[in-house]
Amino acid sequence: MYEFSLTHSVNNAVQDLCRQVGWNKVRRILIKIGGMRKVNPELMAFIFAALSKDTPAEGAIFSVMMLPVTIYCYSCKRTGTREDSEFMCPSCGSRNVKLISGLELAIEVLEVESG
Ligand SMILES: [Zn+2]
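Everything numeric in this text was worked out from a predicted model, so none of it was measured.

S.K.: Residue-level account of the side chain of serine 85, with values.
M.R.: Its place among the elements puts serine 85 in the loop between strand 4 (79-82) and strand 5 (97-101). On the accessibility criterion, serine 85 (18% relative accessible area) is buried.

S.K.: A description of a nonpolar patch on the surface should follow, citing residues and the corresponding values.
M.R.: A cluster of nonpolar side chains, contributed by Leu17, Val21 and Ile107, occupies part of the molecular surface with about 210 Å² of accessible area. In this structure, leucine 17 sits in helix 1 (residues 2-21). Classification of leucine 17 by relative accessible area gives partly exposed; the value is 30%.

S.K.: How would you sum up the environment of alanine 57? Please name residues and give values.
M.R.: Inspection of the secondary structure puts alanine 57 in the loop between helix 2 (41-51) and strand 2 (61-67). Accessibility expressed as a relative area gives 0% for alanine 57, which makes it buried. For the pair alanine 57 and arginine 19, spaced 38 residues apart in sequence, the C-alpha to C-alpha distance is 11 Å. In contact with alanine 57, not counting residues within four places along its chain, are Val14, Gln15, Val26, Ile29, Phe48 and Ser52.

S.K.: So what's going on with the coordination of the zinc ion? Which residues, and what values?
M.R.: Within the protein, Cys73 (SG), Cys76 (SG), Cys89 (SG) and Cys92 (SG) serve as the donor atoms for the zinc ion, at 2.3 to 2.4 Å. Geometry at the zinc ion is tetrahedral, judged from the four donor atoms that bind it and their angles of 104 to 118° at the metal. In the primary sequence, the donor residues of the zinc ion line up as C-x2-C-x12-C-x2-C. According to the relative accessible area criterion, cysteine 89 is buried, its value standing at 2%.

Each value, and the rule that gives it
Residues numbered from 1 in each chain as written. Predicted model: local features only at pLDDT ≥ 70, side-chain atom pairs only at ≥ 80, totals over all residues. Heavy atoms only, no water. Helix = DSSP H or I, 4+ residues; strand = E, 2+ residues; numbered from the N terminus. Buried < 20%, exposed > 50% of the residue type's maximum accessible area, 1.4 Å probe, protein only. Patch = residues over 30% accessible without salt bridge, like charges linked within 9 Å, V, L, I, M, F, W, Y side chains within 5 Å. Areas by Shrake-Rupley, 256 points an atom, 1.4 Å probe, with all protein chains shown as cover. Salt bridge = Lys/Arg side-chain N within 4 Å of Asp/Glu carboxyl O. Contact = heavy atoms within 4.5 Å. Donors = N, O, S within 2.8 Å, 3.2 Å for Na, K, Ca; no water. Tetrahedral: all angles 85-135°; square planar, octahedral: opposite > 155°, others 65-115°.

Here it is in structure tokens:
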């Protein structure tokens, strides 16, 4: 399952940070994900809740921000964004395009309780 492997790497990164910095409680996590990665944010939150059980991130609010896909079109020479993951020019519909962004996966916000 795609969501599982992505969430697993996010969980590992959070656990590593907690160990290194010494955080004992994570309150909120916001992940940003490029729209080319077809993920189900609710499913990721569900998986994260299971993976983070008995860790500092147990019970943390987990949310996902989807980033638009940015595409450059060789046919009409325009750069545009799409909300879906269709690999196609948003202006003219050509498939003669290249991906500029849309594959991001990063922890954008990590809110912790200090002390
Ligand atoms: Zn085009």
